[in-house]
Amino acid sequence: MCEVAMEEQEREISDMERCSSVAENGVMPVVNHSHVRAPLSVVLATVLYCAEFITAAVLSSMYHKTDDVIWMGFTITFMLVPAVLIQLTLTFIHRDLGRDRPLVLFLHLLLLGPVIRCFEALVVYFKAGKKVEPYVTISRKISLKKGQGTLMEWEIGQSERILAMHRNAFKRTAVIQAFLGSTPQLTLQLYATIQEKYILPTRLALMIITLISITYGALVCSVLAIQIRYDDYKVRLRPVAYLCMIVWRGLEITTRVTALVLFSTAHSHWVILVGMVNLLFFFFLPWGEFWAKKGSLTENVEKNFSKLGTTVVLCMFTLLYACINTFCWSAVQLDFTHQELIDRKQRWDRLAMYYCGRFVENFLLITIWYFFRSDFFEYVCAPMLVVQLLVCYSLAILFMLLFYQFFHPCRRLFKYNVHDCLHCVCCRKGRRGGENGRRGKLAPSYSTAATMVMVPEEPLELLDPQNSQPADLTGQLGGRETDIVEDIMEAA
């Protein structure tokens, strides 16, 4: 008991020393002991993987009994390809090839890698907290509360570090499952339902599971983009923000898949051309930008990889990026010259061009289907269906704007918001005609959220003459790395 009390006292003293050292620079860090969170995302990704795999296998056996060779072949393909890629991804992230774990590798060969990984994560979670374990690292983030940034420190224990690695791995597998397996699977089964003119209960169940998987994968893409872009900040999304993103992504993906399937019923061969043009465009877009910059490939993908291995990994990564953008907005842009392969800049022009172009493309696909639709839709009100699809995609864009306006976790870091952008566009003509050269003032914004316009920043002296040099929180995150390392070495 005395030793434990001495250790706690020494830790409190070290925390006070760290706080006092940073307080001299004008920022007071708050040291928290990180608590172990339940790996719910790992369980959800595993359940979706198993449910889709089992349902697809049952449906394939039904196709085999009815001699539907084409449907069976495509169903098995869209079932096995993402499953194999998920096994490779989990093995690559956890680096199991260099470790003596034959049982885990054998289960990966049986396509049961997510199951054993989920079991390992649950075992670590239930064992955590039963004994006191020293922290292995310190995490520093800036917490935003009411527009004020506070430097926070969290002591990360061994259990939380292992669970964080599992969560990161399953986030990647959820995206792979959604856009390399669930999206083509949903498109195929919806097309088969229209062609065969009846709904199988198993096929309906598979379509529902794949739609949930795609929505979850798109949600993970949005959250990962925010976390990568604002890596120095503690990102916390409210339940209302998740609900807004679910509606946004669900409407966007449902409308896109329905438009492609309806067009394929009228022109079965032309839809392949539409899909390939989209896929090739988004595949070669980052490579074209890379060649235009005349940069060199990043060497931090994997130290043991050669130039050829790095190129293969980047091509697979680009293929996933192209598949995502074919059906929905990926929320990130690739940059092969950057260390993290992701461009951290918020490209509002890309976002606006993507949704405008996608809206026009969906409108053209639905219009062509309307004039060349088959007899199967003679009992369907085609004009009403066209209007519903266009309204649904417009609602998806609306919920996207609402998210950036009101529910984005780092909206206070943006200079202007969507309200300011719309006010500027709507009032620009009125200001020019009514004021005759007089300088008009923009109405003050009622929310600090994102916008799609970039304007030059005002000098800090004009904004606040008394506090023209605010504390650089992000600079202190990296400036105190040496001090923390020395403290840990002295404690060891």
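Bear in mind that the values here come from a model prediction, so they are computed numbers and not experimental data.

1. Some remarks on the overall build of the protein chain
- Helix and strand content of the protein chain: 16 helices and 5 strands.
- Burial status across the protein chain gives 43% buried among its 492 residues.
- The long-range share in the protein chain, meaning contacts at least 24 apart out of those at least 6 apart in sequence, stands at 76%.

2. Some words on the environment of I199
- On the secondary structure map, I199 appears in the loop between α6 (158–196) and α7 (201–229).
- For I199, a relative accessible area of 54% gives the class exposed.
- Along the backbone, I199 and Q189 are 10 residues apart, and their C-alpha atoms lie at a distance of 9.7 Å.
- Once residues within four sequence positions are removed from consideration, I199 is found in contact with T193 and L204.

3. Focus on the nonpolar core
- Among the nonpolar cores identified, the biggest contains 57 residues, and V175, F179, L320, I324, I366 and W369 are the most heavily contacted of them.
- Counting residues per element, this core draws most heavily on α6, which supplies 12 residues.
- Split by domain, this core shows at least three residues from each of two domains, domain 1 (30–236) and domain 2 (238–411 + 419–424).
- The contacts of I366, once residues within four sequence positions are left out, are A259, V386, L389 and L390.

4. Quick word on the confidence of the model for the protein chain
- For the protein chain, the mean per-residue pLDDT works out to 77, and 72% of the residues sit at or above 70.
- Element-level pLDDT for the protein chain is lowest in helix α14 (residues 460–463), with a mean of 38, against a maximum mean of 95 in helix α2 (residues 40–65).
- Here residues 1–28 is a poorly scored stretch, pLDDT under 50, and it has 31 contacts once near neighbours within four places are set aside; other chains count.
- In this model residues 436–492 is a low-confidence stretch, pLDDT under 50, and it forms 80 contacts with partners more than four residues away in sequence or in other chains.

5. Examining the pattern of salt bridges
- Per the counting criterion, the structure on display carries 8 salt bridges.
- Note that R101 is salt-bridged to E120, the shortest N-O span being 2.3 Å. With R101 in the loop between α3 (69–94) and α4 (102–109) and E120 in helix α5 (residues 113–127), this residue pair connects regions lying 19 residues apart in the sequence.
- The salt bridge involving E160 is made with R167; its shortest N-O contact spans 3.5 Å.
- Classification of R167 by relative accessible area gives buried; the value is 7%.
- In this structure, a network of salt bridges that share partners links the residues R101, R117 and E120.

6. Remarks on the UniProt feature "transmembrane region" (unreviewed entry) in the protein chain
- Feature annotation in UniProt places "transmembrane region" (unreviewed entry) on residues 38–59, 71–93, 105–126, 204–228, 270–288, 308–332, 352–372 and 384–407, given in this structure's numbering.
- Across residues 38–59 one finds 91% helix and 0% strand; the C-alpha atoms that close the span lie 33 Å apart.
- The span residues 71–93 carries 100% helix and 0% strand; its end-to-end C-alpha distance comes to 34 Å.

7. Section: the packing of aromatic side chains
- Throughout the structure, instances matching the rule amount to 18 aromatic pairs.
- For the ring pair W287 and F290, a centre distance of 6.2 Å and an interplane angle of 90° mean the geometry is edge-to-face. Of the two residues, W287 and F290 are both situated in helix α9 (residues 270–293); the distance of 3 residues between them amounts to about one turn of the helix.
- Judged by relative accessible area, which is 8%, F290 ranks as buried.
- Pairing Y354 with Y355 gives two aromatic rings, centres 5.4 Å apart and planes at 90°, and the pair type is edge-to-face. Considered together, Y354 and Y355 belong to a single accessibility category, that of buried residues.
- Three or more aromatic residues joined by ring pairs make a cluster, and in this case those are F281, F282, W329, Y354, Y355, F359 and Y393.
- The lysine or arginine in question, R203, covers the ring of Y198, its NZ or CZ lying 5.8 Å from the ring centre.

8. Notes on the side chain of S60
- In this structure, S60 sits in helix α2.
- Among residues more than four places away in sequence, those in contact with S60 are M72, T75 and I76.

9. What about the environment of T258?
- With respect to the helices and strands, the residue T258 is situated in helix α8 (residues 239–266).
- Along the chain, T258 and L186 lie 72 residues apart, while their C-alpha atoms are 9.8 Å from each other.

10. Quick word on empty space enclosed by the protein
- For the structure on display, the rule yields 5 cavities of 30 Å³ or more.
- One number sums up the size of the largest cavity: a volume of about 90 Å³.
- Looking at the lining of the largest cavity, the elements that each hand over two or more residues are α2, α6 and α7.
- Residues belonging to the lining of the largest cavity are distributed by class as follows: 8 nonpolar, 4 polar and no charged.
- By volume, the second largest cavity amounts to about 60 Å³.

Criteria and thresholds
- Residues numbered from 1 in each chain as written.
- Predicted model: local features only at pLDDT ≥ 70, side-chain atom pairs only at ≥ 80, totals over all residues.
- Heavy atoms only, no water.
- Helix = DSSP H or I, 4+ residues; strand = E, 2+ residues; numbered from the N terminus.
- Buried < 20%, exposed > 50% of the residue type's maximum accessible area, 1.4 Å probe, protein only.
- Contact = heavy atoms within 4.5 Å.
- Core = buried A, V, L, I, M, F, W, Y, C linked by side-chain atoms within 4.5 Å.
- Domains from an automatic or database assignment.
- pLDDT = per-residue confidence, 0-100.
- Salt bridge = Lys/Arg side-chain N within 4 Å of Asp/Glu carboxyl O.
- UniProt positions renumbered as here; feature names shortened; annotations may be inferred.
- Phe/Tyr/Trp six-rings, centres within 6.5 Å; stacked < 30°, edge-to-face > 60°.
- Lys NZ or Arg CZ within 6 Å of the ring centre and 35° of its normal.
- 1 Å grid on protein atoms, 1.4 Å probe; cavity = no way out; pocket = protein on both sides within 12 Å on 5 of 7 lines; lining within 4 Å.
- Points joined across faces, edges and corners; volume = space filled by probe spheres on them.
- Nonpolar A, V, L, I, M, F, W, Y, C, P; charged D, E, K, R; others polar.

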